[in-house]
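# Report on the structure
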Amino acid sequence: MTFARRALALMAGLAALLPAAGSAQSDMTTYRDQTHGFSVSFPSDWRRVVFKDGPEFQALADGGKGPEDCNVNVTAVSGAAYLDRVTREQMLTNLRAAMKDASLVEWRRQTLDRRWGLYYIVTGTTPHQGLKQSTLGFQVVVGAKLFTVSCNAPAARFDERRALFERVVGSLSF
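So, here is what we can say about the structure in this document. All values derive from a computational prediction rather than experimental measurement.

### Quick notes on the overall build of the protein chain
Regarding its fold elements, the protein chain presents 5 helices and 9 strands. Along the protein chain, from the amino end to the carboxyl end, the secondary structure elements read α-α-β-β-β-β-α-β-α-β-β-β-β-α. In the protein chain, buried positions account for 40% of the 174 residues. For the protein chain, the share of sequence-separated contacts (at least 6 apart) that also reach a separation of at least 24 residues comes to 44%. For the protein chain, the exposed surface amounts to about 10000 Å²; the carbon and sulfur share of it is 55%.

Structure representation (structure tokens):
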């Protein structure tokens, strides 16, 4: 058997052993926003919710009851170089406006959908509910719009939900 045929046989064997990989996408639903030109996928058992002055997209876990949620906010910025000027300290200051005692656990520049942006994990207390929460987020600029996709969970559950949140955040595309 040639090397190419052995490689194909090995890949076919691995595919047979990993049926979950093919079905992993089937448990996700995709939302497409025509106004802002983005799409994002979220778990099929979550429910999309719409608030009058809310984000462009928000979905809640447990059939719409939460407490985990993911959302996408779109805001106007000065242009594609906007994130070049954002520092860790500036981001933390902005996050503290929404979450008292916010603390950045991770913060780095990385790419998403071939666009670079800012990846972060922040932990803090929500101002209205007083709950300790962790958020995984990513910010990317497309044109003159800043897209912020984030997923939130009670801090005690964040580690077990992180892989799912990475999938949702990683699904943002344009």
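### Quick look at the pairing of strand E8 (residues 132-142)
Burial analysis of E8 places 9 of its 11 residues in the buried class, which makes it a mostly covered element. Sheet analysis places strand E7 (residues 115-125) next to E8, joined by 9 bridges and oriented antiparallel. Bridged to tyrosine 120 within E8 is glycine 137. Hairpin remark: E7 followed by E8, antiparallel, with 6 residues in the connecting loop; positive phi at glycine 130, about 70 degrees. Alignment of E8 against strand E9 (residues 145-154), held across 10 bridges, turns out to be antiparallel. Its bridge partner lying in E9, glycine 137 is registered against serine 150. With antiparallel pairing between neighbouring strands as the criterion, E8 and E9 make up a hairpin whose turn holds 2 residues, including glycine 143 at a positive phi of roughly 65 degrees.

### Focus: the environment of arginine 157
Within the element layout of this structure, arginine 157 appears in helix H5 (residues 155-170). Relative accessible area serves as the criterion here: at 31%, arginine 157 is assigned to the partly exposed category.

### Things to note about the packing of aromatic side chains
Taken as a whole, this structure holds 6 aromatic pairs when the rule is applied. Here phenylalanine 147 and phenylalanine 174 contribute two aromatic rings whose centre-to-centre distance is 4.7 Å and whose plane-to-plane angle is 70 degrees, an arrangement assigned as edge-to-face. With a gap of 27 residues between them, phenylalanine 147 in strand E9 and phenylalanine 174 in the segment after H5 connect regions that are remote in the sequence. Cluster of aromatic residues (ring-pair linked, three or more members): Tyr31, Phe38, Phe42, Phe57, Phe147 and Phe174. Lying across the ring of tyrosine 119, arginine 108 places its NZ or CZ 3.8 Å from the centre.

### Focus: unusual backbone geometry
Here the residue pair glycine 66 and proline 67 is connected by a cis peptide bond, since its omega of 15 degrees sits within 30 degrees of zero. Inspection of the secondary structure puts proline 67 in the loop between helix H3 (61-64) and strand E5 (69-76). In this structure, aspartate 62 is a non-glycine residue whose phi angle is positive, near 55 degrees. Non-glycine residue aspartate 101 carries a positive phi angle of around 55 degrees. Tracing the backbone shows aspartate 101 in strand E6 (residues 100-112). Classification of aspartate 101 by relative accessible area gives partly exposed; the value is 43%.

### Comments concerning the state of the cysteines
Overall, the coordinates contain 1 disulfide when judged by the stated rule. Across the disulfide, cysteine 70 is cross-linked to cysteine 151 (sulfur-sulfur distance 2.2 Å). Here the S-S torsion is close to 115 degrees, and the disulfide linking cysteine 70 with cysteine 151 is therefore right-handed. With cysteine 70 in strand E5 and cysteine 151 in strand E9, this residue pair connects regions lying 81 residues apart in the sequence. Across the pair, cysteine 151 and cysteine 70 agree in class, each one buried.

Here is what the cut-offs are and how they apply
- Chains are numbered independently. Their residues run from 1 in the order of the written sequence.
- Only residues with pLDDT of 70 or above have their local features reported here, since the model is predicted, and side-chain atom pairs are shown and tallied only from 80 upward, although totals for entire chains, interfaces and linings are computed over all residues.
- With hydrogens and water excluded, all non-hydrogen atoms of the structure serve as input to the side-chain values.
- Segments assigned H or I by DSSP are reported as helices when at least four residues long, segments assigned E as strands when at least two residues long, and all are numbered from the N terminus.
- Three exposure classes are used, based on accessible area relative to the maximum for each residue type with a 1.4 Å probe and protein chains only: buried under 20%, partly exposed in between, and exposed over 50%.
- Every residue pair with non-hydrogen atoms within 4.5 Å of one another is taken to be in contact.
- Each accessible area is a Shrake-Rupley result for a 1.4 Å probe, and residues are judged covered by the shown protein chains and nothing else.
- Pairing between strands is defined by DSSP: at least two bridges between them are needed.
- The criterion for an aromatic pair is that two Phe, Tyr or Trp rings (for Trp, the six-membered ring) have centres within 6.5 Å, with stacked assigned to planes under 30 degrees apart, edge-to-face to planes over 60 apart and tilted to the rest.
- Working rule: Lys NZ or Arg CZ, within 6 Å of ring centre, within 35 degrees of ring normal, means a charge sits over the ring.
- Disulfides are defined as cysteine sulfur pairs within 2.5 Å.

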